[in-house]
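Structural overview for review
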Amino acid sequence: MSWTHTLLVVAAAFFAVFLQAAFPVTRWALGAQVDLLPPLIVYTALSGGLFPVSLAAVWGGLFFDALSANPLGTTILPLLAAGILVHAFRDLILRTQVFAQVVIGTAAGFFVPLGSLFILFHSGQQPMFGWGTLWQLVVMGAGGGALTPLVFRFFEWINRHFTHAPLAVTSFRSDREIRRGRI
Amino acid sequence: MFKQSHYIALGLAVLLTTIVLNLPERATARLKLGIGSLFVPLFGLAGSAQQVAAKAEELALTRKQLLKQNHTLKLENQELHLQIARAETFERENTRLRQMVGWQQQKPWKVRLANVVLREPANWWRTVHIDLGVRDGLSNNLPVLTPEGFLIGRTASVSLTRSQVVLLGDPNCRVSARIENEARDTGVIGAAGPLDGEMVEMRYLSRNAILKPGQEVVTSGLGGVFPKNLPIGKVVDAHQVDYGFQTLARVRLGANLNALEEVWVVMNP
């Protein structure tokens, strides 16, 4: 992953947090706001190295906590843990398959908020928690699963439009050229 | 499976998180406001989007609907004029009686209108951001009301140009409240369930409290943050908890917290 691509991921995390806070559509409709950061982390972990994953997790977490009532730093660790875990198994994951993206996105969307809640309870905070939280986690998991392929498509589109197209491989092979002699 | 670099990255992130989580409260608040201020240029965008949505709604209305709405508003305006005239009479009478008895004069409220620009991105807190800050004279713990006068919360984390409002039902917003019944029972409005945005729980009510659905709940004035008699909502039901030692009432809020667009901040509660 190039530097510009890494910066693009951080910028995407910034806008993702803003969109979440400015347009809480799923909260009105389903009672829970879908988190856009886990799909972004899944994309980064499957497309780049550990450095972009760490950068996206740290900045994404800080942006999220700055607009939230979470103590600053709460969201960093769950995002990073998800990113490192996905990155560690990336060779075993068929990252171009939509099904794989949906499954990993669902898992990340479910476990990242769960990790944040775990940290909050262990740091002495008392967030709203009850049976309704289970429904919220289900919505966030489903949302993460639905959004992950879209994040992949979005970055593919960006790459297609803003990077040089790879040279097309021709079917010509010099070793297979039939050299004709003088008749 | 895991390389050494994975452990190093994880270790660094854990270290960073631990450091940030354990920073002094003041330093964390400053850092949070600093990072949050990066979003300030986008606040206008959110406001514009809301205005576009409102304009689109206006355009969709027919002339007939507009005339009907106009007629209703005229009637409401006349009614409100009458109510203001009556309220002014009562205010004068109240001031005169206070002078006669020797009670302290009540200060008139100084309020400022604010726009809700962002909402809480996490599902386990209940907060919103408004477009007023220190520059506009705001400070922490000022009561925030809806245009209809219902209490919705208090200010917290005030930066130069924006503030966070902790809403009723959030675990960090507790309000001493009173029920408008004969015994004038008092309790504390506390956290609510994560899904129900319209309900809050009122705890620490006397076990002998006689509560009926529909009774009004207002602020009691105890605690010093919220002035007395601000309307909060109505009792829905009540039951005894903690082995019958206290009563817990469910209160339906008068304000719809999901539809907040403009709010009043009381500058001198």
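In this numbering scheme, every chain counts its residues from 1 along its sequence in written order. By the order in which they are written, chains take letters starting at A while ligands take numbers starting at 1. Owing to the predicted nature of the model, reporting of local features is limited to residues with pLDDT of at least 70; listing and counting of side-chain atom pairs is limited to 80 or more, with chain, interface and lining totals taken over all residues.

Regarding the overall build of chain B
A run of H or I in DSSP counts as a helix once it spans at least four residues, and a run of E counts as a strand once it spans at least two, with each numbered from the N terminus. Within chain B one finds four helices and 12 strands. C-alpha extents for chain B along the principal axes are approximately 75 × 60 × 40 Å. When each of the 269 residues of chain B is scored for burial, the buried share is 30%. Remark: residues whose backbone-derived C-beta atoms lie within 7 Å of one another are considered to be in contact. Sequence separation of 24 or more characterises 56% of the internal contacts of chain B that already satisfy a separation of 6 or more. Neighbour counting defines burial: a residue surrounded by 20 or more other C-beta atoms within 10 Å of its own C-beta is buried, one with 12 or fewer is exposed, and intermediate counts give partly exposed, using backbone-placed C-beta atoms.

A short note on the overall build of chain A
Helix and strand counts for chain A stand at seven helices and zero strands. Counting from the amino terminus, helix and strand elements in chain A follow one another as α-α-α-α-α-α-α. Over its C-alpha trace chain A gives a radius of gyration of 21 Å, far above what one expects of a compact globule, namely 16 Å for 183 residues. C-alpha extents for chain A along the principal axes are approximately 90 × 30 × 30 Å. A burial count over chain A gives 47% of its 183 residues as buried. Across chain A, contacts joining residues at least 24 apart in sequence account for 75% of those joining residues at least 6 apart. Values of the radius of gyration come from C-alpha atoms, whereas the globule rule sets the reference at 2.2 Å times the count of residues to the power 0.38.

Observations regarding the environment of B:E79
Inspection of the secondary structure assignment puts B:E79 in helix α4 (residues 63–101). Once the C-alpha coordinates of B:E79 and B:E180 are considered, the two residues, 101 residues apart in sequence, prove to be 25 Å apart.

Here's the deal with the interface of chain A and chain B
Every contact between the two is made by 41 residues of chain A and, on the other side, 37 residues of chain B. For the side of chain A that touches chain B, the secondary-structure elements that each account for two or more residues are α1 (3–22), α4 (50–67), α5 (76–88) and α7 (131–162) of chain A. The biggest single contributor to the side of chain A that touches chain B is α4(A), with nine residues. Residue composition of the side of chain A that touches chain B, by class: 28 nonpolar, 13 polar and no charged. Only Asp, Glu, Lys and Arg are considered charged, only Ala, Val, Leu, Ile, Met, Phe, Trp, Tyr, Cys and Pro nonpolar, and every remaining residue, Gly among them, polar.

Description of the nonpolar core
We define a nonpolar core as a collection of buried residues of the types Ala, Val, Leu, Ile, Met, Phe, Trp, Tyr and Cys that are connected via C-beta atoms lying within 7 Å of each other. If you look at the biggest cluster of nonpolar residues, it comprises 98 residues, and the most contacted ones within it are A:A13, A:L40, A:I41, A:A57, B:I152, B:L168 and B:V251. Looking at which element gives the most residues to this core, the answer is α4(A), with 10 residues. Once you skip the residues sitting within four places of it in the chain, B:V251 turns out to touch B:I189, B:M199, B:V200, B:M202, B:V217, B:I232, B:G233, B:K234, B:V235 and B:V236.

What about the sheet that holds strand β1 (residues 111–119) of chain B?
Within the closed barrel, the six strands sit side by side as β1-β2-β5-β4-β3-β12 (chain B). Their pairing is antiparallel. With strand direction ignored, the average angle separating the axes of adjacent strands in the sheet is 45°. Two strands are counted as paired when DSSP detects at least two bridges linking them. Between the N-to-C directions of two axes lies an angle of 0 to 180 degrees, each axis being a line fitted to C-alpha atoms and, for a helix, fitted only over the stretch in contact.

Examining the sheet that holds strand β9 (residues 216–219) of chain B
Residues and elements named next belong to chain B. The strand order β6-β7-β8-β11-β10-β9 describes a closed barrel built from six strands, whose pairing is antiparallel. The sheet shows a mean angle of 40° between the axes of neighbouring strands, direction not considered. As paired strands, strand β7 (residues 186–189) and strand β8 (residues 199–206) are joined by two bridges and run antiparallel to one another. Its bridge partner being in β8, V188 is matched across the sheet by R203.

Thoughts on the pairing of β7(B)
A regular strand places its side chains on the two faces of the sheet in alternate fashion. Residue and element names in this part refer to chain B. When strand β6 (residues 175–179) meets β7, the two strands line up antiparallel, connected through four bridges. Across the sheet, residue V175 finds its bridge partner in β7, namely I189. Connecting β6 to the next strand, β7, in antiparallel fashion are six residues, including R184 with a positive phi near 50°.

Describing the packing of helix α6 (residues 98–122) of chain A against α7(A)
Residues and elements named next belong to chain A. Two elements in contact, α6 and α7, have axes separated by 7 Å at closest approach and are oriented at 135°. By the angle class used here, α6 and α7 are oblique. Judged by the sense of rotation from one axis to the other, the crossing of α6 with α7 is right-handed. Mapping the contact onto sequence places V98, Q101, V102, I104, G105, T106, A108, G109, F110, P113 and L114 in α6 and L137, M140, G141, A142, G143, G144, G145, L147, T148, P149 and F152 in α7. For the contact of α6 with α7, the class distribution of residues is 13 nonpolar, nine polar and no charged. Working rule for angles: under 35 degrees goes down as roughly parallel, over 145 as roughly antiparallel, 65 to 115 as roughly perpendicular, anything else as oblique. By convention the crossing between two helices is left-handed if the near helix lies anticlockwise of the far one by an angle smaller than a right angle, and right-handed if it lies clockwise.

Some thoughts on the packing of α1(A) against α4(A)
All names here are of chain A. Packing of α1 against α4 brings their axes to within 9 Å, and their N-to-C directions diverge by 25°. Judged by the angle between their axes, α1 and α4 are roughly parallel. You can see that α1 and α4 cross each other, and the crossing is right-handed. Of the residues in α4, those in contact with T6, V9, V10, A13, F14, V17 and A21 of α1 are P52, L55, A56, W59, G60, F63, F64 and L67. When grouped by side-chain class, the residues that make up the contact of α1 with α4 number 13 nonpolar, two polar and no charged.

Side note on unusual backbone geometry
Residue and element names in this part refer to chain B. Even without glycine at this site, S157 takes up a positive phi of about 50°. Tracing the chain through its elements places S157 in strand β4 (residues 151–158). Its identity as a non-glycine residue notwithstanding, N229 has a phi of 70°, on the positive side. Positionally, N229 belongs in the loop between β9 and β10 (231–241).

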